[in-house]
Amino acid sequence: MSSAVIDVQGPLRKMPATPGPSVAYQLKLGDTRVPLNDLIGREIQLDFDGEIRCINCDRRTNKSFSQGYCYPCFKKLAACDTCIMSPERCHYHLGTCREPEWGETHCMTTHVVYLANSSGLKVGITRQNQVPTRWIDQGAVSALPMFEVATRQIAGLVEVACKAHVADKTNWRAMLKGDVKPVDLVAARDELRRLIADELQALRKEHGADAIREVDDSGLDLAYPVDTWPVKIATHNLDKTPQVFGRLEGIKGQYLILNTGVINIRKFTAYSVRLQVFDETPATQDLFSA
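Residues numbered from 1 in each chain as written. Predicted model: local features only at pLDDT ≥ 70, side-chain atom pairs only at ≥ 80, totals over all residues. Heavy atoms only, no water.

**Q** Quick question: what am I supposed to make of the side chain of S118 here?
**A** Among the secondary structure elements, S118 is positioned in the loop between β6 (111-117) and β7 (121-127). Here the side chain of S118 touches T170 through a polar contact of 2.9 Å, side chain to side chain. If we skip the residues at most four places from it in the chain, S118 touches Q138, G139, A140, T170, M175 and V180. (Helix = DSSP H or I, 4+ residues; strand = E, 2+ residues; numbered from the N terminus. Polar contact = N/O pair within 3.5 Å; in protein donor to acceptor, adjacent residues only side chain to side chain. Contact = heavy atoms within 4.5 Å.)

Below you can see the structure in the form of structure tokens.
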């Protein structure tokens, strides 16, 4: 094996991504960001050194909870509460939010209820300022807002109504195979609005006419930097095998696609990892910055 032309180490974070003709990704290790798109086709190696530090308090932990937290933070932070996964169960209005100030900035703010095509049609919600980041993280090839909603809880209630007709989960294996069939999101949006009209009327009556606003944006199509789609999905797990090696063949969602398998980078948030990139070319000389 040739010597590494990039050799950096730090705690993994969710990959920053920017939309464009092809989504541009960076691998974030602490304060260092390594642009990844230009590395497709090169051999890379990830080595987990066994250290995990909570992304909130920096406490060393043997296990990561809720993608990067130690157990005490998992139990006390609003970001780790059950209502994050089930927003319709938000209890801020009851005065029992774990962190009311956090709730003000993250939950009592405008959210978007959207349709996306990641492994087929699905419904989801996200904060308005997380569009289109949320769609990219899910590996959506297209996405379309349906409603702007006053709070996270109301968005969750709208999503519950939608889930009676549309899936709310991504089949990540299908998403990574690259053969996602096109979906007419505008037609799906119009039909779904019709199907949940009674539920919307009831929610507006309870929360106010302006609490749920229809959005008629054209949406967004997304392309991902992938040279070769995997035919069969094998996964890398740093907890079981702390060294991952292979040729980087693409990136989609929060996954690196290697010729040896795929790895969900977000799953290993807070893991201390060393990245080495092999096969020097002029394009790799100044690829990363602190």
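**Q** I'm lost on the packing of helix α5 (residues 152-163) against helix α8 (residues 197-207) in this one. Help?
**A** Packed helices, taken two at a time, are described by the angle between their axes plus the distance between the axes. Put simply, α5 and α8 touch, their axes get as near as 10 Å, and they point 160° apart. On the basis of their axis angle, the class for α5 and α8 is roughly antiparallel. Where α5 crosses over α8, the handedness of that crossing is right-handed. Residue-level contacts link I154, L157, V158 and A161 of α5 to E199, L200, L203 and H207 of α8. Of the residues assigned to the contact of α5 with α8, the class counts are six nonpolar, one polar and one charged. (Axes fitted to C-alpha atoms, helices over the stretch in contact; angles between N-to-C directions. Parallel < 35°, antiparallel > 145°, perpendicular 65-115°, else oblique. Left-handed = near helix turned anticlockwise from the far one by under 90°. Nonpolar A, V, L, I, M, F, W, Y, C, P; charged D, E, K, R; others polar.)

**Q** Help me out: how do you make sense of the state of the cysteines in this one?
**A** By definition, a disulfide links two cysteine residues through a covalent bond between their sulfur atoms. Inspection of the entire model under this criterion finds zero disulfides. C73 takes part in no disulfide bond, and the closest cysteine sulfur, belonging to C70, lies 3.7 Å away. Classification of C73 by relative accessible area gives buried; the value is 1%. The structure places no disulfide on C90, whose sulfur is separated from the nearest cysteine sulfur, that of C107, by 5.4 Å. On the accessibility criterion, C90 (10% relative accessible area) is buried. (Disulfide = S-S within 2.5 Å. Buried < 20%, exposed > 50% of the residue type's maximum accessible area, 1.4 Å probe, protein only.)

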